[in-house]
Amino acid sequence: MPVDLRSALFYSRKDIFKNKKIFTFIILSIIFATANIIVINGLTDGMIKDLVDNTIESSSGHLNIYPADNERFIDGLGVKEQKLVEIKEVEAYSPRVSASGVLSNKELSASVAILALDPDKERRTTKLLDKITKGLVISSNDKNAILVSYRLAEDLKLDVGDETELAFENGISKVYNVKGIIRTGAADFDSSTVIMPLNEVNQQLALDNSASIILIKLSDKELADAYMPVIMQALGVSNVKTWKKETEYLLSFARAWQSFSSIISAVGLVAAAISVGIIIYINVIHKTRQIGIMKAIGAKDDFIFAVFLMEAVLFGVIGISIGDGLGYFAIRYLEEHPLYDAIMQTWIGARFGYYLFYKATIVSFAVTILAGIYPAIKARRVDIIKSIWGT
């Protein structure tokens with residue numbers, strides 16, 4: 001004979017509302033456990049996306065062209081730039097030259113990484129030059145101006161307007177004016193970088209029509225994998241990397257952080273599940289006599305099981321529904337009010353997606369139901385005689 005679910009639901013509904021304090025405690029546990037899954041996963045996804053985007057915008061393109069193996073520079077830069085202009089989805093590109101040197105200020109000096117670029121092309125490709133915290137941006141025609149990373153400026157006691165001597169790797173030295181101080185949030189970059197106009201470095205290092213790297217911005221970064229072979233063939237280059245390859249270390253960190261977030265969410269869920277299981281179990285113990293009477297008047301074991309399992313279902317439906325709503329409003333608030341990361345010099349916010357609801361609802365509901373199964377089995381096995389006589 002099938003279980004009368006309507007009757008089971010009626011008994012369950014009446015039972016869970018008898019003790020309002022216990023009802024409130026369980027519901028709050030499920031609410032916060034469910035909302036916690038949504039908020040933590042939304043924040044994690046937002047943080048990862050913002051960190052990756054910030055890295056791409058400041059130090060990488062959607063595609064990066066490198067010199068061939070055993071070569072230091074990419075030759076034939078002018079021809080390659082012309083071909084890049086002809087490729088439909090290429091929105092911008094920025095050639096850079098990397099070199100080394102020593103920067104000195106009075107008795108202080110430090111080894112530095114020299115980054116030479118064309119400011120106009122760089123602005124169209126990345127947001128690196130938007131990271132200036134003090135002073136002005138260099139221009140393509142500046143012959144005596146440089147940008148200094150903020151930690152390097154602190155170490156050498158440099159400020160905007162100061163003069164400093166830069167010795168290039170080929171032995172040539174020249175005095176430059178500090179036009180601005182830049183901070184990207186990347187430790188290696190901020191500790192030892194000098195940014196200069198590409199024309200000036202080419203002149204000092206006697207370079208012509210060469211680059212250490214060419215950063216490429218596409219109309220959509222997701223096109224990187226598809227356009228990598230197109231660019232390799234069009235430009236005759238063999239060493240091209242996508243933004244995914246360039247940010248592998250960040251993606252590895254992201255996966256580790258997601259695992260950590262899952263552990264935090266699991267702790268909240270386990271706490272809620274234990275609460276549900278214990279309360280329903282105690283309820284079964286206290287109502288052993290009542291269960292015995294119900295069985296004596298004809299209630300089947302399956303019906304008793306359904307009644308107490310239905311309690312877990314009701315707790316789950318009510319708590320998860322409110323938890324989903326609370327999580328939704330929390331994520332929307334964090335989307336509209338992102339947190340400013342002073343280290344990375346960027347805003348980090350949450351990201352809302354309907355998959356957050358699906359994940360939180362399915363996991364929370366499954367855990368809640370599992371928590372109610374043992375107490376329901378315990379109720380099902382209650383012996384009629386022993387329960388009525390209290391033995």
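See the structure above.
Sequence positions are assigned chain by chain, starting from 1 and proceeding in written order. In keeping with the predicted nature of the model, local features appear solely for residues at pLDDT of at least 70, side-chain atom pairs appear and are counted solely at 80 or more, and the whole-chain, interface and lining totals rest on all residues. Neither water nor hydrogens contribute to the side-chain values; these are computed over all heavy atoms in the structure.

Student: Got a minute to help me understand the layout of surface pockets in this structure?
Tutor: Empty space among the atoms becomes apparent when a probe as large as a water molecule is rolled across them. Here a cavity is any set of points on a 1 Å grid over the protein atoms alone where a 1.4 Å probe fits but cannot get out, and a pocket is any open set with protein on both sides within 12 Å along at least 5 of 7 lines; a residue lines the site when it has an atom within 4 Å of a point. Grid points are joined across faces, edges and corners, and a volume is the space filled by probe spheres set on the points. Considered as a void within the structure, the second largest pocket measures approximately 370 Å³ in volume. In terms of lining residues, the second largest pocket is bounded by 17 residues, among which S59, Y66, R96, S98 and I213 are the most central. Helix and strand assignments come from DSSP, with helices taken as H or I runs of at least 4 residues and strands as E runs of at least 2, each series counted from the N terminus. Sorting elements by how many residues they give to the lining of the second largest pocket places strand β4 (residues 108–117) first, with three residues. Here the nonpolar group is Ala, Val, Leu, Ile, Met, Phe, Trp, Tyr, Cys and Pro; Asp, Glu, Lys and Arg are the charged ones; every other residue, Gly included, is treated as polar. Tallied by class, the residues present in the lining of the second largest pocket amount to seven nonpolar, seven polar and three charged.

Student: Sorry, what's going on with unusual backbone geometry here?
Tutor: Leaving glycine aside, a negative phi is the common case for residues, and trans is the common case for peptide bonds. Phi is positive for K106, close to 60°, though the residue is something other than glycine. Within the fold, K106 resides in the loop between β3 (90–105) and β4. In this scheme, a residue with accessible area under 20% of its type's maximum is buried, one over 50% is exposed, and one in between is partly exposed, where area comes from a 1.4 Å probe on protein chains only. Exposure remark for K106: the relative accessible area of 77% places this residue in the exposed category. Of note in this structure, K157 is not a glycine but carries a positive phi near 55°.

Student: Whenever I open this one, empty space enclosed by the protein confuses me. Can you help?
Tutor: Counted under the stated rule, the structure contains one cavity of 30 Å³ or more. Roughly 40 Å³ of volume is contained in the largest cavity. Lining the largest cavity, in full, are I30, A33, T34, L269, A272, A273, V276, S364, V367 and T368. Sorting the residues of the lining of the largest cavity by element identifies α2 (20–59), α10 (248–286) and α13 (354–380) as the ones contributing at least two each. Classifying every residue of the lining of the largest cavity by side-chain character gives seven nonpolar, three polar and no charged.

Student: Would you take a moment to explain the packing of aromatic side chains for this structure?
Tutor: In this description, an aromatic ring pair is defined by two values, namely the gap between the centres and the angle between the planes. A pair of Phe, Tyr and Trp rings is counted when the ring centres sit within 6.5 Å of each other, with Trp represented by its six-membered ring. The angle between the planes then sorts it: under 30 degrees is stacked, over 60 is edge-to-face, the rest tilted. On inspection of all chains with the given rule, the structure shows eight aromatic pairs. Between F23 and F315, the aromatic rings sit 6.2 Å apart at their centres with planes inclined by 35°, giving tilted as the arrangement. In this pair, F23 is assigned in helix α2 and F315 in helix α12 (residues 301–336), connecting sequence segments 292 residues apart. A relative accessible area of 14% means that F23 is categorised as buried. Here a set of aromatic residues connected by ring pairs shows up, and it is made of Y328, F329, F352, Y354 and F357. Over the aromatic face of Y150 sits the side chain of R183, whose NZ or CZ is 4.2 Å from the ring centroid. A ring has a charge above it when a Lys NZ or an Arg CZ is no more than 6 Å from the ring centre and no more than 35 degrees off the ring normal.

Student: Any chance you could explain the nonpolar core here in plain terms?
Tutor: Across soluble globular proteins, nonpolar side chains have a tendency to be buried as a group. Counting residues in each nonpolar core, the largest one holds 42 residues, and the members touching the most others are I30, I291, F303, I304, F308 and F315. Those elements that provide at least two residues to this core are α1 (5–16), α2, α10, α11 (288–296), α12 and α13. The residues touching I304, leaving out its near neighbours within four places in the chain, are I291, M294, K295, A299, A379 and R380. Residues enter a nonpolar core if they are buried and are Ala, Val, Leu, Ile, Met, Phe, Trp, Tyr or Cys, with the set joined through side-chain atoms within 4.5 Å. The next biggest cluster of nonpolar side chains, apart from the first, holds 26 residues, and it includes L103, Y150, L166 and L198. It only takes one pair of heavy atoms within 4.5 Å for two residues to be counted as in contact.

Student: How should I be thinking about the environment of L63 in this particular structure?
Tutor: Relative to the helices and strands, L63 resides in strand β1 (residues 63–65). Between the alpha carbons of L63 and E246 there is a distance of 9.0 Å; along the sequence they are 183 residues apart. L63 has contacts with I214, L215, I216, L218, A224, Y227, M228, I231, V240, K241 and T242, leaving out every residue within four places of it along the chain.

Student: Help me out: how do you make sense of helix α8 (residues 224–235) in this one?
Tutor: Residues lying three or four places apart along an α-helix face the same way, a consequence of the helix completing one turn every 3.6 residues. Take the number of residues in a helix, subtract one, and multiply by 1.5 Å to get its expected span. Taking 1.5 Å as the rise per residue, α8 with 12 residues should run 16 Å; its terminal C-alpha atoms sit 15 Å apart, in good agreement. Buried residues of α8: A224, Y227, I231 and L235, and no others. One side of α8 holds all its buried residues, which, seen down the axis, span an arc of 70°. Exposed side of α8, more than 90 degrees from the buried face: A226 and Q233 are the residues found there. Those residues of α8 that are buried lie in contact with β1, α3 (77–86), β3, β11 (213–218), β12 (240–242) and α9 (243–246). One or two residues past the end of α8 sits G236, with phi positive at roughly 65°. An arc is given here, and it is the one of the directions from the helix axis to the C-beta atoms.

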